[in-house]
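Residues per chain are reported as follows:
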Amino acid sequence: PRLLSQFFFADERVTRVVAEINGLDAELDPQQYLVLLNQLHLSQAHLLAVLERIMEECIPTQRHSRDYLVKFPEELLVDNLGNHMLFAAECLLAGTFLEMEESDGAQLRPQARNLLCSLELVRTVLREQSLSQPNSYPEPVRAVLIQFDRLFAEFELSYVSSLVAVKSPDEIYRQQEIIVLFCETVERALHLGYLTQEMIDGYEPLLMFTIPRLAIISGLLIYPEGPLSLERSPEEMSRVFSPFYNLLKKIRDLLRVLSAEELCLLEKSLSTAE
């Protein structure tokens, strides 16, 4: 159950797979080479997962900030992002520039080198610690973990920023505005009886359609200064809504001619229709 013991055996697996890859002629046995590469990917992912738990236990208040993750596109925020970063660093150090311009890759190589050297130091230090005192984390161990955590975060931000357009502060703020709009929409719908708490607690699938529909009405009529404000230009709106700027104007104009009773009837129908 001790994390340092788990790290020792995870590190052993990585070392063993790397040794097998280095002793194999990929041209003579390409199928086995692919099998070993997959084993390496899985064993490295497990090693990083254990290392993450060790850092949470050893340096929980000294972790490098990961606030920059909110800038990343949602499709990148996957469980194996850390392992992908490690693979990218290894490729850069080997001179392989995946998915990026050679000039960008050359600029990232020093960071990749520092990160991989730091990881090797962490592996060495933790292996020694697991064999001597597996129940403690002395200051030298904490120091190498802090350095690795910082280098990993810096490389992750630099690498992703070189591949995709990360969100600007304005885009993050607009995204937060949408979250607030949806929360206020749900609160209003509960108050008016369009939704029930049981539907929310039970993750009613219908809510995936109901809440966005009600949020559009709320954003256009109830909270007109929020993220659906049509006083802004399309460029100033969230990218979620900006492609539908003209359509939203038509919807707003139609909503404005409805009486209170008609609007209530419309919202009720939107709350039940699939």
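Values in this document were obtained by computation on a predicted structure and should not be read as measured data.

Sorry if this is basic, but what is going on with the packing of aromatic side chains here?
Each pair of aromatic rings is reported with the distance of its centres and the angle of its planes. Applying the stated rule across the entire model yields three aromatic pairs. The interplanar angle of 90 degrees and the centroid separation of 5.4 Å between the aromatic rings of F8 and F9 together place this pair among those described as edge-to-face. The exposure class of F9 is exposed, given its relative accessible area of 51%.

How do you make sense of the domain arrangement of the chain when you look at a structure like this?
Note on interface size: it is often stated as the accessible area lost on association of the parts. For the chain, the domain assignment lists domain 1 (3-163) and domain 2 (169-272). Computed from C-alpha coordinates alone, the two centres of domain 1 and domain 2 are separated by 43 Å.

What's the story with the nonpolar core in this structure? I'm lost.
Generally speaking, soluble globular proteins have nonpolar side chains that are buried together. L51, I54, L126, L145, F148 and F155 are the most contacted members of the largest nonpolar core, which has 44 residues in total. Within the residue set of this core, elements represented by two or more residues are α1 (3-22), α2 (30-58), α3 (81-93), α4 (102-132) and α5 (139-163). When sequence neighbours within four positions are dropped, the list of residues in contact with F155 reads M85, A88, A89, L92, L108, Q111, A112 and L115.

How should I be thinking about the side chain of T210 in this particular structure?
If you trace the backbone, T210 turns up in helix α8 (residues 207-222). Residue classification places T210 among the buried positions, given a relative accessible area of 0%. For T210, the contacting residues outside a window of four places in its chain are L195, L270 and S271.

Would you mind showing me how to read the environment of L157 here?
Within the element layout of this structure, L157 appears in helix α5. Among residues more than four places away in sequence, those in contact with L157 are Y68 and F72.

Could you clarify how one ought to interpret α5 in this entry?
Counting along an α-helix, one turn takes 3.6 residues, and residues three or four places apart therefore face a common direction. With 25 residues, α5 should reach 36 Å at 1.5 Å per residue; the first-to-last C-alpha distance of 37 Å fits that figure. Considering only its buried residues, α5 is in contact with α2, α3 and α4.

Can you help me understand the pattern of salt bridges in this one?
Side chains bearing opposite charge may pair, as long as their charged atoms lie close to each other. Enumeration over the complete set of coordinates arrives at 13 salt bridges. For D149, the salt bridge identified is with R66, shortest N-O distance 2.8 Å. Separated by 83 residues along the polypeptide, D149 in helix α5 and R66 in the loop between α2 and α3 bring together distant segments of the chain. Accessibility expressed as a relative area gives 0% for D149, which makes it buried. Judged by its relative accessible area of 23%, R66 is partly exposed. One salt bridge in this structure joins E139 and R142, with 3.7 Å as the shortest N-O distance. Placement of the pair is E139 and R142 together in helix α5, with a separation of three residues, close to one helical turn. Judged by its relative accessible area of 24%, R142 is partly exposed. One connected set of salt bridges, linked through shared partners, spans D11, E12, E120, R123 and R127.

Even after reading the chapter, I still don't get the state of the cysteines, so can you show me in this structure?
Two cysteines form a disulfide when their sulfur atoms are joined by a covalent bond. Applying the stated criterion across every chain, the model contains zero disulfides. No disulfide involves C117; its sulfur sits 16 Å from the nearest other cysteine sulfur, which is in C91.

How should the environment of P140 be read in this particular structure?
Looking at where P140 falls in the secondary structure, it is placed in helix α5. Residues P140 and V125, 15 residues apart in the sequence, show an inter-C-alpha distance of 8.4 Å.

What should I look at first to understand the environment of Q133 in this one?
Looking at the secondary structure, you find Q133 in the loop between α4 and α5. C-alpha separation for the pair Q133 and R256, spaced 123 residues apart in sequence, amounts to 72 Å.

Would you take a moment to explain the packing of α3 against α4 for this structure?
Helices that pack against each other are described as a pair by the angle of their axes relative to one another and the distance between those axes. For the pair α3 and α4, the least separation of the axes is 8 Å and the interaxial angle reads 115 degrees. Taken as a pair, α3 and α4 cross one another with a handedness that is left-handed. Counted together, L86, A89, E90, L92 and L93 of α3 and G105, L108, R109, A112, R113, L115, L116 and L119 of α4 form the full contact between these two elements. Here the residues of the contact of α3 with α4 are counted per class, giving nine nonpolar, one polar and three charged.

Rules and cut-offs
Within any chain, residue numbers begin from 1 and follow the written order of that chain's sequence. It should be noted that, the model being predicted, local features are given only for residues of pLDDT at least 70 and side-chain atom pairs only at 80 or more, the latter also being counted only at that level, while totals for whole chains, interfaces and linings use all residues. Working from all heavy atoms in the structure, the side-chain values ignore hydrogens and water. In summary, the pairing rule links any two rings of Phe, Tyr or Trp, Trp by its six-membered ring, whose centres are within 6.5 Å, and it sorts them by plane angle into stacked for under 30 degrees, edge-to-face for over 60 and tilted for everything else. Three exposure classes are used, based on accessible area relative to the maximum for each residue type with a 1.4 Å probe and protein chains only: buried under 20%, partly exposed in between, and exposed over 50%. Boundaries between domains were set according to an automatic or database domain assignment. For the purposes of this section, nonpolar cores are sets of buried Ala, Val, Leu, Ile, Met, Phe, Trp, Tyr and Cys residues that join through side-chain atoms within 4.5 Å. Put simply, DSSP H or I for four residues or longer makes a helix, DSSP E for two residues or longer makes a strand, and each gets a number counted from the N terminus. Between two residues, a contact is recorded if the distance between any of their heavy atoms is within 4.5 Å. Each helix should span, by expectation, one fewer than its residue count multiplied by 1.5 Å. Any carboxyl oxygen of Asp or Glu within 4 Å of a side-chain nitrogen of Lys or Arg constitutes a salt bridge here. We call a pair of cysteine sulfur atoms a disulfide whenever their separation is within 2.5 Å. Lines fitted to C-alpha atoms define the axes here, with helix axes fitted over just the stretch in contact, and angles between the N-to-C directions of these axes take values from 0 to 180 degrees. Here a crossing is called left-handed whenever its near helix is offset anticlockwise from the far helix by less than a right angle, and right-handed whenever the offset is clockwise. When residues are sorted by character, Ala, Val, Leu, Ile, Met, Phe, Trp, Tyr, Cys and Pro go into the nonpolar class, Asp, Glu, Lys and Arg into the charged class, and all the rest, Gly among them, into the polar class.

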